[in-house]
Amino acid sequence: MGSEITWSPVSLDLGWGHMAGKSCVVGGGVHTSGLRILGVHGWLDNANSFDTLAPYLPCGVKLLVLDLPGHGHSDHLPAGAQYDLITYVLHLRRAMDKVGWDRFVILGHSLGGGITTFFTALFPKRVIAIITLDSIIFRPMTIEDLQMNVATLLKGEVLKKQENLVYSEQQAIERLISARGEAAIDADAAYILLPRSAQQVEGGYMWSHDHRARARLHSIFTVDGWRMIISSIKCPVLIVAANQGICTPPVREAMKGAIEWFRSNAQWFELAPVDGSHHVHLTYPERVAKPLVPFLQRVALEAASPKPLQARL
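Conventions used here
Residues numbered from 1 in each chain as written. Predicted model: local features only at pLDDT ≥ 70, side-chain atom pairs only at ≥ 80, totals over all residues. Heavy atoms only, no water. Core = buried A, V, L, I, M, F, W, Y, C linked by side-chain atoms within 4.5 Å. Buried < 20%, exposed > 50% of the residue type's maximum accessible area, 1.4 Å probe, protein only. Helix = DSSP H or I, 4+ residues; strand = E, 2+ residues; numbered from the N terminus. Contact = heavy atoms within 4.5 Å. Salt bridge = Lys/Arg side-chain N within 4 Å of Asp/Glu carboxyl O. Axes fitted to C-alpha atoms, helices over the stretch in contact; angles between N-to-C directions. Parallel < 35°, antiparallel > 145°, perpendicular 65-115°, else oblique. Nonpolar A, V, L, I, M, F, W, Y, C, P; charged D, E, K, R; others polar. Phe/Tyr/Trp six-rings, centres within 6.5 Å; stacked < 30°, edge-to-face > 60°. Lys NZ or Arg CZ within 6 Å of the ring centre and 35° of its normal. Patch = residues over 30% accessible without salt bridge, like charges linked within 9 Å, V, L, I, M, F, W, Y side chains within 5 Å. Areas by Shrake-Rupley, 256 points an atom, 1.4 Å probe, with all protein chains shown as cover. Arc of directions from axis to C-beta.

**Topic: the nonpolar core**
1) Next: Of all hydrophobic cores here, the largest spans 48 residues; its most connected members are Leu38, Leu66, Leu92 and Ile115.
2) Next: Counting residues per element, this core draws most heavily on helix α1 (residues 85–99), which supplies 6 residues.
3) Next: Sequence-distant contacts of Ile115, that is, excluding residues within four places in its chain, are made with Val40, Leu68, Leu85, Tyr88, Val89 and Leu92.
4) Next: One finds Ile128, Ala129, Val274 and Leu292 within the second-largest nonpolar core, a separate group that totals 30 residues.

**Things to note about the pattern of salt bridges**
1) Next: Under the counting rule described, the total for this entry stands at 10 salt bridges.
2) Next: Among the salt bridges present, the one from Asp51 reaches Lys22, with a minimum N-O distance of 2.7 Å. Of this pair, Asp51 sits in the loop between β3 (36–40) and β4 (62–66) while Lys22 sits in strand β2 (residues 18–25); the two residues are 29 residues apart in sequence, bridging distant segments of the chain.
3) Next: When its relative accessible area of 8% is taken as the criterion, Lys22 is described as buried.

**Thoughts on the packing of helix α2 (residues 111–122) against helix α6 (residues 223–231)**
1) Next: Running from N to C, α2 and α6 cross one another at 65°; their axes reach a closest spacing of 8 Å. Judged by the inter-axis angle, α2 sits roughly perpendicular to α6. Of the residues in α6, those in contact with Gly114, Thr117, Phe118 and Ala121 of α2 are Trp226, Ile229 and Ile230.
2) Next: The class makeup of the residues in the contact of α2 with α6 is 5 nonpolar, 2 polar and no charged.

**Some thoughts on the packing of aromatic side chains**
1) Next: Tallying each qualifying case throughout the model produces 7 aromatic pairs.
2) Next: Each ring, one from Tyr83 and one from Tyr88, has its centre 6.0 Å from the other, and the planes form 35°; the classification is tilted.
3) Next: On the basis of an interplanar angle of 15° and a centroid distance of 6.2 Å, the ring pair of Phe262 and Phe269 is categorised as stacked. For the pair Phe262 and Phe269, one class covers both residues: buried.
4) Next: One residue, Arg93, lies across the ring of Phe123, its end atom 4.7 Å from the ring centre.
5) Next: Arg216 extends its terminal NZ or CZ atom over the ring of Trp43, reaching a point 3.5 Å from the ring centre.

**A look at the side chain of Ser49**
1) Next: Secondary-structure assignment places Ser49 in the loop between β3 and β4.
2) Next: In this structure Ser49 comes out as buried when scored by relative accessible area, which is 0%.
3) Next: Not counting chain neighbours up to four residues away, the residues in contact with Ser49 comprise His41, His109, Leu193, His281 and Leu282.

**Some details on a nonpolar patch on the surface**
1) Next: On the surface, a cluster of nonpolar side chains totalling about 220 Å² of accessible area is made up of Ile86, Leu90 and Leu122.
2) Next: You can see Leu90 is positioned in helix α1.
3) Next: Judged by its relative accessible area of 32%, Leu90 falls in the partly exposed class.

**Some details on helix α8 (residues 256–265)**
1) Next: Burial in α8 covers these residues: Ala258, Ile259, Trp261 and Phe262. One face of α8 carries all of its buried residues, which in axial projection span an arc of 155°.
2) Next: On its buried face, α8 is in contact with α2, α6, β9 (237–242), α7 (249–254) and β10 (269–274).

Function-wise, these values are silent; they only describe arrangement.
This is the structure in structure tokens:
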């Protein structure tokens, strides 16, 4: 069943608004393992995405999970702003400065995997190790993709000025499930996400996310750009790939180049296929924990050795 988890709310004032989230020490008590982990959720998800995985992490680990700007309980970005990789990365950097974390493990699901990869490339001295959960590391966009997503952004600016629709609890759960694709999450998982995905109002629920965040302006780098980013990452890397998710065996074959860039440059690299759908970390966390926990234990041992991990790179 895993360890005891008691969450404490987190709210960080970043000047333009607040980033909200929560933190815990796995197993309760004090932070003893020496490891700090920042969890970064996926597109239109929220910090609750890691609720079921957290109890399986090694005891004593400090875990901080934040709602990305425009998601969950975090504030929406000001008018005229947009949501993309560098925007998310810079706000996470400011958040880490705010909590005083100088070195930590970064764990990202889906879009969060792209964010963690980019964060690590930009701020390598801050990241001890990187873990991605069912994330396509690079997917360059066509001009048609960009046109469609810019249209989504502009439509989102209009929708922000309109009154949000109210859904019954059942409608909200059904929409959470359907939006994530067939078999990606079940009703139990949807109920875990719901409290931060929507706010309860008279008559039901209204979505909390910023409509502009639906625009997927996350893959504007070319293949050469992603090669430069990935090849700069020298810390240990674990990629967990869901066999029925977005990182399926055929996709991993197409990503062979990116995987080799990681393998050739990381201090050590592990690719761990697991059986499950895109949100397997939420629906079957024990499957993800099987490769994740030994990886974290090795990282903790290396980090605790007399010669700091980064100094050996």
